Structure formats: C-alpha cells, structure tokens
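Structural overview for review
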Amino acid sequence: MIPTTSVGVFKQEMLDQYLPEVIELWKSEKRNLELAILQQVKKVEEGTIFIEVMGHVQEEIAEKMKPDLIGIFRKKSGAGKIAIQLDVKEEDDAGSPKLYTDQDKFKHLLKKHPALLEFSKKFDLDPDF
C-alpha cells in the first residue's frame, strides 16, 4: 500500500494537472494501447475517474491498467480516495445499412461525396467493374 499525505478526494483539477504527465510517461514506455484509453478519460466526480472504453478489448486493457493508474495518481496528488469506473460503449452500426455490392458502396459514397459522380464520368470509371 502506498502511503499518502491524504489530501482527501481526487478532484477534476488534479486529473487535469497530472493526466498530461501520465500520458508522457506512458508514451516514453510505449504503452500505446493504454494511451488510447487515456485519451478517453471523461471526468472526475467524488474521487471516481470515469473512462469511456469502446468494446470488450479496451475494457480488458483498462481493467489491467487501473491499478497502475490509481497508484500513479495517488502518488502524484496525495489523494486518499481514488477510483476508476469504466463506461463501456458498444459500436452502434444498427442505423447504417449494410453495403454488400459495389453498387451499394458507390451509392453510399455518392451521398457522402457528391463530386464522385463527376469524377467517375470524367475518368470513365465503372463502379461495377
């Protein structure tokens, strides 16, 4: 157990102050998977750091990094009460249609990039090729 000076509860100001230091430390250690998760830190409420993760893979990585992260923040801030709560988000692709054929993909791209039709005519491109 890490002794603390017990300044109390971990606060948003502490997170804002120490998170860039943790990011730099983990960059130097090449902990890229953990860095991706640290970019998703949302807020601190009553000593609990809320982190949003996407899917089960990031959830597993975040669970493994929680003790290290709590230890670092406790050591830097001296706060006695620090916890991490994960907010697992699943990718929602229910609203987008499945694009199975080349024609479906081409139509979808046309909606996003209308200039594509002009290019396809100019360069005589056939999306069904």
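As the structure is a prediction and not an experimental result, all values here were calculated from the model.

**Observations regarding a nonpolar patch on the surface**
On the surface, a nonpolar cluster with roughly 340 Å² of combined accessible area is contributed by Phe 119, Phe 123 and Leu 125. Position of Phe 123 among the secondary structure elements: in the segment after α5 (115-122).

**Quick word on the packing of helix α4 (residues 102-112) against α5**
Relative to each other, α4 and α5 sit at 120°, their axes nearing to 7 Å. One way to sum up the angle between α4 and α5 is to call them oblique. Residues Phe 106, Leu 109 and Leu 110 of α4 pack against Leu 116, Leu 117 and Ser 120 of α5. Of the residues contributing to the contact of α4 with α5, the split by class is five nonpolar, one polar and no charged.

**A few points about the environment of Pro 20**
Locating Pro 20 in the fold gives a position in helix α1 (residues 12-28). Given a relative accessible area of 45%, Pro 20 falls into the partly exposed group. In the structure, Pro 20 is positioned 18 residues away from Leu 38 in sequence and 9.6 Å away in space, judged by C-alpha atoms.

**With respect to the sheet that holds strand β2 (residues 48-54)**
The three strands lie next to each other as β1-β2-β3, forming an open sheet whose pairing is mixed. Single-partner strands in this sheet number two, and they are β1 (41-45) and β3 (83-89). Taken over all neighbouring pairs, the strand axes of this sheet differ in orientation by 25° on average, direction set aside. Relative to β2, β1 runs antiparallel, the two sharing four bridges. Looking at the pairing, Val 44 lines up with Ile 49 of β2. Packed onto the sheet, helix α3 (residues 55-77) meets β2 and β3 and runs at close to 165° relative to β3.

**Some details on the pairing of β2**
Taken residue by residue, a regular strand's side chains alternate between the two faces of the sheet. Within β2, five of the seven residues are buried, which leaves the element mostly enclosed by the surrounding structure. Taken together, β2, α3 and β3 constitute a β-α-β crossover, and its handedness is right-handed.

**With respect to the confidence of the model for the protein**
Chain-level statistics for the protein give a pLDDT mean of 84 and a share of 89% at 70 or above. Every residue in residues 1-5 scores below 50 in pLDDT, and together they form seven contacts with partners more than four places removed in sequence or on other chains.

**Concerning the pattern of salt bridges**
The final tally for this structure, using the stated rule, is eight salt bridges. The salt bridge involving Lys 76 is made with Glu 21; its shortest N-O contact spans 3.0 Å. Taken together, the residues Lys 76 in helix α3 and Glu 21 in helix α1 connect sequence positions 55 residues apart. The shortest N-O distance in the salt bridge between Glu 34 and Arg 31 comes to 3.7 Å. Like Arg 31, Glu 34 is buried. Via salt bridges that share partners, Glu 29, Arg 31, Glu 34 and Asp 68 belong to a single interconnected network.

Rules behind the numbers
Residues numbered from 1 in each chain as written. Predicted model: local features only at pLDDT ≥ 70, side-chain atom pairs only at ≥ 80, totals over all residues. Heavy atoms only, no water. Patch = residues over 30% accessible without salt bridge, like charges linked within 9 Å, V, L, I, M, F, W, Y side chains within 5 Å. Areas by Shrake-Rupley, 256 points an atom, 1.4 Å probe, with all protein chains shown as cover. Salt bridge = Lys/Arg side-chain N within 4 Å of Asp/Glu carboxyl O. Helix = DSSP H or I, 4+ residues; strand = E, 2+ residues; numbered from the N terminus. Axes fitted to C-alpha atoms, helices over the stretch in contact; angles between N-to-C directions. Parallel < 35°, antiparallel > 145°, perpendicular 65-115°, else oblique. Contact = heavy atoms within 4.5 Å. Nonpolar A, V, L, I, M, F, W, Y, C, P; charged D, E, K, R; others polar. Buried < 20%, exposed > 50% of the residue type's maximum accessible area, 1.4 Å probe, protein only. Pairing = 2+ DSSP bridges. Right-handed = clockwise from strand over helix to strand, strands pointing away. pLDDT = per-residue confidence, 0-100.

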